[in-house]
Amino acid sequence: MTKQENKIIDLVKKASDGGLLDREELIFLFSADPHLPAAGYLRAAADRMTRAACGGEAEVHAQIGLNTAPCPRNCRFCAFAAVNRIFRESSEIPVEAVAEMASRAEADGANAIFIMATADYPFGRYLETTQEIRSRLRPETVMIANVGDFEVGEGRRLKETGFSGIYHAVRMGEGKQTTIPPESRLATFRAAEESGLLLGTCVEPVGPEHTPEELVEKTLIGREASPCYSGTARRITIPGSSLAEQGMISEFTMAYQVAVVRLAMGPRVRGNCTHEPNLLGAASGANLFWAEVGANPRDTRAETAEGRGLGVAACRKILEEADYRVLEGPSRIYGSQK
Ligand code: SF4
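Rules and cut-offs
Residues numbered from 1 in each chain as written. Predicted model: local features only at pLDDT ≥ 70, side-chain atom pairs only at ≥ 80, totals over all residues. Heavy atoms only, no water. Helix = DSSP H or I, 4+ residues; strand = E, 2+ residues; numbered from the N terminus. Near = heavy atom within 4 Å. 1 Å grid on protein atoms, 1.4 Å probe; cavity = no way out; pocket = protein on both sides within 12 Å on 5 of 7 lines; lining within 4 Å. Sits in = over half its atoms within 2 Å of the grid points. Core = buried A, V, L, I, M, F, W, Y, C linked by side-chain atoms within 4.5 Å. Buried < 20%, exposed > 50% of the residue type's maximum accessible area, 1.4 Å probe, protein only. Contact = heavy atoms within 4.5 Å. Polar contact = N/O pair within 3.5 Å; in protein donor to acceptor, adjacent residues only side chain to side chain. Right-handed = clockwise from strand over helix to strand, strands pointing away. Axes fitted to C-alpha atoms, helices over the stretch in contact; angles between N-to-C directions. Parallel < 35°, antiparallel > 145°, perpendicular 65-115°, else oblique. Left-handed = near helix turned anticlockwise from the far one by under 90°. Nonpolar A, V, L, I, M, F, W, Y, C, P; charged D, E, K, R; others polar. Points joined across faces, edges and corners; volume = space filled by probe spheres on them. Expected span 1.5 Å × (residues − 1). Arc of directions from axis to C-beta. Disulfide = S-S within 2.5 Å. Phe/Tyr/Trp six-rings, centres within 6.5 Å; stacked < 30°, edge-to-face > 60°.

### Quick look at unusual backbone geometry
Cis geometry marks the peptide bond from E204 to P205; its omega dihedral reads -10°. Residue position: P205 is located in strand β8 (residues 203-206). The amide bond that connects H275 to the next residue, E276, takes the cis arrangement and shows omega of 5°. As for its placement among the helices and strands, E276 is situated in the loop between β10 (271-275) and α10 (279-282). Unusually for a residue other than glycine, N74 sits at a positive phi of about 55°. With respect to the secondary-structure elements, N74 resides in the loop between β2 (67-68) and β3 (91-92). Phi at S226 is positive, roughly 50°, even though this residue is not glycine. Mapped onto the fold, S226 is located in the loop between α8 (212-224) and β9 (229-234).

In structure tokens, the structure reads:
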């Protein structure tokens, strides 16, 4: 074993014993070659930590994208960014069809239903649509909002509509590859908390150009927010975008990063996600996948079920192949926030 590998193993032991990895230690881990034997040990330890945190029970959440639009926020990694010129006109899925998608995902066994809209989607319409969806779902079904930044008043209205929580993140390159200041994203974290909405987050979307320092910065932002889950997701190349030439990280690299984030979050956080779903991620500390239907910021097709999006059954199958039981019924990850 090299000195570097011994250090990886020491840090894995520290995290496995409940120690909190600090910034420098995390930079060291994110900088390591993911193909080192000690990096394999790290992934195995993250896998063990996740299984202990969730009792061997994985979850599949279904995300439904309500609309496509040329979004003026222009996050360079997103298919909806106006600057990427993928979707030049706004288009919405009719409420009836969205409600049907949600009911189907519920029937297929999704443990939570995420309703996503582009950041410029009118908030009032989002509430109207999601009230209709809510009325079609079983009362115990967990519904999660994935929307742009909001203030406490709007957060309370989401809560009244029947949302249990949100997905929100300070994304990689926030404020540089997006026009949204990181502070606005953090203000939404606080608004959610004040509104009684649980937070799920993730280190995303990761590209090959991202430094260990930025990976750590975003990991620690997540940890400080005390979410019910974190994880990592790679950036999917949007053809013709300014980030396309940077390329994508491999699922192998993503799996290593998922494992580092797992260890960074500590043993009490029930969920650890990765996207897109893959077996190596599920064997490296991820116990939460997303099925996708409707619009998808990583897809150039308006209906991602015909493109990149996997269905609930396919996500469940990958998790089962990683020896997880998949939870039946409402999410326990949303509900586990400390
Ligand atoms: S990520 Fe959200 S805010 Fe950014 S361009 Fe896409 S839809 Fe708009």
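### Side note on the site of the ligand
Residues in contact with the ligand, as listed here, are C71, R73, N74, C75, C78, F80, A81, T118, A119 and R171. One can see that the ligand is located within the largest cavity.

### Quick word on the nonpolar core
One finds I113, I115, Y126 and L158 to be the most contacted residues of the largest nonpolar core, which totals 48 residues. With five residues, the single largest contributor to this core is helix α4 (residues 95-108). Contacts of Y126, omitting those with residues within four sequence positions, involve L66, I115, A117, Y121, I144, A145, N146, V147, L158 and F163. Counting residues in hydrophobic clusters, the runner-up holds 37 residues, among them F30, A39, L42 and M49.

### Side note on the side chain of T188
Looking at the element boundaries, T188 is found in helix α7 (residues 182-195). A distance of 3.2 Å separates a polar side-chain atom of T188 from the backbone nitrogen of F150.

### A look at the pairing of β10
Burial analysis of β10 places five of its five residues in the buried class, which makes it a mostly covered element. On β10, burial covers both faces: G271, C273 and H275 on one face and N272 and T274 on the other are all buried. Regarding the hand of the β-α-β motif, the stretch spanning β9, helix α9 (residues 251-265) and β10 is right-handed.

### What about the environment of P182?
Among the structural elements, P182 can be located in helix α7. For the pair P182 and V170, spaced 12 residues apart in the sequence, the C-alpha separation amounts to 6.0 Å.

### What about the packing of helix α2 (residues 23-31) against α9?
Two numbers describe how α2 lies on α9: the axes approach to 10 Å, and their chain directions differ by 165°. Classified by the angle between their axes, α2 and α9 sit roughly antiparallel to one another. Crossing hand, α2 versus α9: right-handed. Residues L26, L29 and F30 of α2 form the contact with α9, whose participating residues are Y256, Q257, V260, V261 and A264. Among the residues making up the contact of α2 with α9, the classes are represented as seven nonpolar, one polar and no charged.

### A word on empty space enclosed by the protein
Across all of its chains, the model carries two cavities of 30 Å³ or more by this definition. Volume-wise, the largest cavity comes out at about 650 Å³. Lining the largest cavity are 34 residues, and of these M116, N146, R171, E204 and P297 lie nearest its centre. Quantified by volume, the second largest cavity comes out at close to 30 Å³. Considering the residues around the second largest cavity, the lining is formed by F77, M172, G173, Q177, P205, E209, H210, R235 and L243.

### Here's the deal with helix α1 (residues 3-16)
For α1, spanning 14 residues, the distance from its first C-alpha to its last is 20 Å, which sits close to the expected 20 Å at 1.5 Å a residue. Taken together, the buried positions of α1 are E5, I8, I9, L11, V12 and A15. Take α1 and look down its axis: the buried residues cluster within an arc of 160°, on one side only. For α1, the secondary structure elements touched by its buried residues are α2, α3 (37-54) and α9. Positive phi appears at G18, one or two residues downstream of α1, with a value of about 95°.

### Comments concerning the state of the cysteines
The tally for this structure, following the rule as stated, stands at zero disulfides. We note that C228 lacks a disulfide partner, and the nearest cysteine sulfur, in C273, lies 9.9 Å from it.

### Some points on the packing of aromatic side chains
The tally for this structure, following the rule as stated, stands at seven aromatic pairs. Centroid distance Y126 to F163: 5.8 Å. Interplanar angle 15°. Geometry classified as stacked. Highlighted residues: Y126 in helix α5 (residues 123-136) and F163 in the loop between α6 (152-161) and β6 (165-167), separated in sequence by 37 residues. Of the residues examined, F163 reaches a relative accessible area of 2% and is grouped as buried. Ring centres of Y167 and W290 lie 6.2 Å apart, and the angle between their planes is 75°; this geometry places the pair in the edge-to-face category. Of this pair, Y167 sits in strand β6 while W290 sits in strand β11 (residues 288-294), and the two are 123 residues apart along the sequence. With a relative accessible area of 8%, W290 lands in the buried category. Each residue in the set F114, Y167, Y229, W290 and Y334 is aromatic and connected to the rest through ring pairs, giving one cluster.

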